[in-house]
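Structural characterization, general
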Amino acid sequence: FCFFHGFYAEEDLVANLASMSASDSIKAIRKLPETITKKREIRNKVLKERKGAQPSCCTQCLQGAAVSFRRFRNTLSEYFQPLWIWHKTLKVVGAEFGTSVLSYFVFLKWLLNFNIFSFLINFGFITIPQFLAAEPNNLSFTGLELFTGAGYFQQTVLYYGFYTNATISKIENGPSYNMQLAYIFTVGIYFVICFLILLFSMAKSFYRNFVNPQTHSGKASKLLCTWDFNITNEKAVKLKQKNLRTQIKEDLADVDKEVLNFSVMERVARFGFHLLAWVASVGAAVVACTGVYFLSINNLELFMKGHRNDLESQAAMLVLAVIVSLLNTFIPFFFSWVGHMEKFQTPGQHIYITIARNIILKISIVGILCYYWLNIVAASESQCWETLVGQDIYRLVLVDFIFCLLGSFFGEFLRRIIGTTVCVSLGLPEFDIGRNVLDLIYAQTLTWIGILFSPLLPGIQMIAFFIVFFVKKVSLMKNCQPPRKVWRTAQMTTSFMLLLFCPSFLGVLCVIGVTVWRLKPSERCGPFRGLSSMYAAVSEWIQILASYTDSKWVVWIYRNLITSTLFFLILSSIALIVTYLYWQIIQGRKTMIKHLQKQMMN
Amino acid sequence: MGNKQTIFTQEQLDAYQDCTFFTRKEILRLFYRFRDLAPQLVPLDYTNKPAVTLPYELIGSMPELKDNPFRQRIAEVFSEHGDGNMTLDDFLDMFSVLSEMAPRDLKAYYAFKIYDFNNDDYICKSDLEKTVNKLTRNELTPEEISLVCEKVIYEADVDNDGKLSLEDFQHMIVRAPDFL
């Protein structure tokens, strides 16, 4: 950042800019804290100096070409602007409701990108080749399949069971396409890319938002930095001002409250109360899981015994999905109520603890379902257990989507009607950001688990997310008021990304890992029929490659780097040593900052 | 829209594109917004650089600014003579800095100028009091305002001179990820 006093500083600046490349100097000029008139003068001087310094006509041609290329690129980006879907919608939402509500929609759009990417590569690499080698489908189509995912859909590309294990080749002795390898590599590479994207986004977010975590409760920053200049709605502005006023009053009152000490009895009573609340919440989660487990075992028995294409039994299959969604919808209300009973010291604690309990509930439900799928369904005697799991996940995703829409309808639309006509003291509803984001993470977790068993599931989730975006946006604009509580957007966005990575994505990787390495694929369906595990396809391929001399290096890399435990041991030790060194460097720097601050104050 | 517009020369448009964060289409759109505020004052031909200034009342009535409690300060900071009346250059400058493509450092610099009511390059206690008033619609008592301002200066003033300089302010912004 340079302040220039006087003419000589400006000459230096112009010389500096002229020595940079054209695009760098433009970026630097844009960032100058000067008026446009001054910037224009500086720019003209820089151009003149650049022209004067290189009189050769070759470089002049190049510069002319660079200028016209830049103009072309700008026009091109203008034409692509309509493709920035929802850019305008996001701006309007941010203007009316502030950046906290906007962060939900930005997160939804980000998750949508994962699904679009997955759908495109699955469709391109797995489904299209399958169409070439498809077997005819002689089941009948009734409308109910859209809900249950069974029946006609069983013999379509929607599920794992339909994919062939053959090597597809249309022309005799022509290029062939190994479906087994394609399936496992497409899914594997997709997860690796997702992992890298999540890791880098999270690291970038941490870097920006947690530079100095010990000062995050600074009142100065609260005052001068939290004004949301994005807001243009009058009501939102008034609310934000009221909010700030309340916050400042609370902070001033806090100064007196710091001396408040609880007596020992009161502390024990509070602790006991909190413990009771936690026991109640965890108990509710455990009861829900047990219910889901027994219901699903029951379901499986009915399925194995009964007629499969009967209308009644198909509808009965939806019961599990509906019960799971009902539990996911109503138990959080119970948690909210427990939280209200519990008198927390600050409202922020209330929000965080309620979100934590919701996370525990959702993790346990997904966990128990995965246990059921991997241990019970996989070991059952059904013809094609992967298709069964795929169907279960399809139903869960669909019913969750329907409940999301219903939740919007009841939670926001009806609540507004009640709040404005019947019981005016309630007022308009607020958009519950935490709960909605957790629902998104849950839906995305289910989709990720389902990719292996139902390759087109991301496409369905993509359509669902599109519809959810529009429904939520319309419901928000018509029914809700801007949030009254303080919501530290940057921190919460980082926490959501962390939640998406840590329990959600890593859990999915564990499930997929167990499926690919440990479980035996079904004998009569799917691309891995007859093998001892899905991963055996890769090891067999390496065996085949070992007999060709051209590809010995691939075999060497596989044997000595990917499957060798010694290599991973060495890699982990190096990673741990580097982490330890960086940690020590950070400690040293913190001490130095403290010393420097003391020096500045004296 | 195409390439046929007669408001600016190509040279002028290039200069605007290089000096602001906007594309050609956005610059033209902003010109039309500027013109809509006072169609009789703003000519359709800017090739000979007419010196047209719009008074603050028109700028402050724009829907983006009309509910912002700092609109007067924003207009004063970006206007040529510090009185709130803006030319087209000032107008483009203001929106360029307030747009989402401007880097945080630039916004922090201008935010500092906006909060500095008496234009002395320091945010002193009276500047802070005026800021707090604007942020809370004058509904805190004077003692509360005074207490808050003292706390803010105590926390953020690194070089201990009783007022916030630009470096203090930027130091604080770096530690506050919620700054927009």
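Each value, and the rule that gives it
- Residues numbered from 1 in each chain as written.
- Chains lettered and ligands numbered in written order.
- Predicted model: local features only at pLDDT ≥ 70, side-chain atom pairs only at ≥ 80, totals over all residues.
- Heavy atoms only, no water.
- pLDDT = per-residue confidence, 0-100.
- Helix = DSSP H or I, 4+ residues; strand = E, 2+ residues; numbered from the N terminus.
- Contact = heavy atoms within 4.5 Å.
- Axes fitted to C-alpha atoms, helices over the stretch in contact; angles between N-to-C directions.
- Parallel < 35°, antiparallel > 145°, perpendicular 65-115°, else oblique.
- Left-handed = near helix turned anticlockwise from the far one by under 90°.
- Nonpolar A, V, L, I, M, F, W, Y, C, P; charged D, E, K, R; others polar.
- Phe/Tyr/Trp six-rings, centres within 6.5 Å; stacked < 30°, edge-to-face > 60°.
- Lys NZ or Arg CZ within 6 Å of the ring centre and 35° of its normal.
- Disulfide = S-S within 2.5 Å.
- Buried < 20%, exposed > 50% of the residue type's maximum accessible area, 1.4 Å probe, protein only.
- Domains from an automatic or database assignment.
- Buried area = accessible area lost by both parts, 1.4 Å probe.
- Salt bridge = Lys/Arg side-chain N within 4 Å of Asp/Glu carboxyl O.

All names here are of chain A. Confidence in the prediction of chain A, expressed as mean pLDDT, is 80, and 83% of residues score 70 or more. Of all the helices and strands in chain A, helix α9 (residues 219-225) carries the lowest mean pLDDT, 58, while helix α15 (residues 433-450) carries the highest, 91. pLDDT under 50 marks residues 1-5. Its contacts with residues more than four places away, or in other chains, come to 13 contacts. In the model, residues 213-217 has pLDDT below 50 throughout and makes three contacts with residues more than four positions away in sequence or in other chains.

Another aspect to go through is the packing of helix α5 (residues 87-97) of chain A against helix α16 (residues 457-479) of chain A. Residue and element names in this part refer to chain A. Orientation of α5 relative to α16, taken along the N-to-C sense of each, is 30 degrees, at an axis distance of 11 Å. Considering the angle they form, α5 stands roughly parallel to α16. α5 and α16 meet at a crossing whose hand is left-handed. Here Thr89, Leu90, Val92, Val93, Glu96 and Phe97 of α5 lie close against α16, whose contacting residues are Phe469, Lys473, Leu476 and Met477. Considered class by class, the residues forming the contact of α5 with α16 number seven nonpolar, one polar and two charged.

With the rule as written, the count across this model stands at 39 aromatic pairs over all chains. Relative to Phe91(B), the ring of Phe34(B) lies with its centre 4.9 Å away and its plane at 50 degrees, an arrangement referred to as tilted. Note that Phe34(B) is positioned in helix α2 (residues 24-37) and Phe91(B) in helix α5 (residues 88-98), a separation of 57 residues in sequence. Among the aromatic residues, ring-to-ring pairing joins Phe107(A), Trp110(A), Phe114(A), Phe117(A), Tyr190(A), Phe191(A), Phe195(A), Trp448(A), Phe496(A), Phe501(A) and Phe505(A) into one connected group. Positioned above the aromatic ring of Tyr442(A) is the side chain of Lys362(A), whose terminal nitrogen or guanidinium carbon lies 5.9 Å from the ring centre. Here Arg73(B) stacks its cationic end above the ring of Phe117(B), 5.4 Å away from the centre of that ring.

Moving on, we get to the state of the cysteines. Residue and element names in this part refer to chain A. Counted by the stated rule, this structure contains one disulfide over all chains. Between the sulfur atoms of cysteine 384 and its disulfide mate cysteine 525 the distance is 1.8 Å. Between cysteine 384 and cysteine 525 the disulfide shows an S-S torsion of about 95 degrees. By sign, it is right-handed. Of this pair, cysteine 384 sits in the loop between α13 (347-377) and α14 (385-422) while cysteine 525 is found in the loop between α17 (489-517) and α18 (536-546), placing the two residues 141 residues apart along the sequence. Of the cysteine sulfurs around cysteine 370, a residue in no disulfide, the closest is that of cysteine 510, at 9.9 Å. For cysteine 510, a relative accessible area of 51% corresponds to the exposed category.

This part is about the side chain of Ser504(A). All names here are of chain A. Within the secondary structure layout, serine 504 lies in helix α17. Relative accessible area serves as the criterion here: at 5%, serine 504 is assigned to the buried category. Among all residues touching serine 504, those that are not within four sequence positions of it are Ile441, Thr445, Trp448 and Leu499.

Attention now moves to the domain arrangement of chain B. Residue and element names in this part refer to chain B. Each assigned domain of chain B is listed here: domain 1 (10-98) and domain 2 (104-175). Domain 1 and domain 2 are separated by 27 Å when their C-alpha centres are compared. Each side of the interface is counted separately: domain 1 has 10 residues, and domain 2 has 12 residues. Overall, the association of domain 1 and domain 2 removes approximately 1,000 Å² of surface from exposure, summing both partners, and the carbon and sulfur fraction of that is 74%. Considering only the side of domain 1, the residues that lose the most area to domain 2 are Phe70, Arg73 and Val97, jointly responsible for 58% of the buried surface there. Where domain 1 touches domain 2, the interface holds zero salt bridges.

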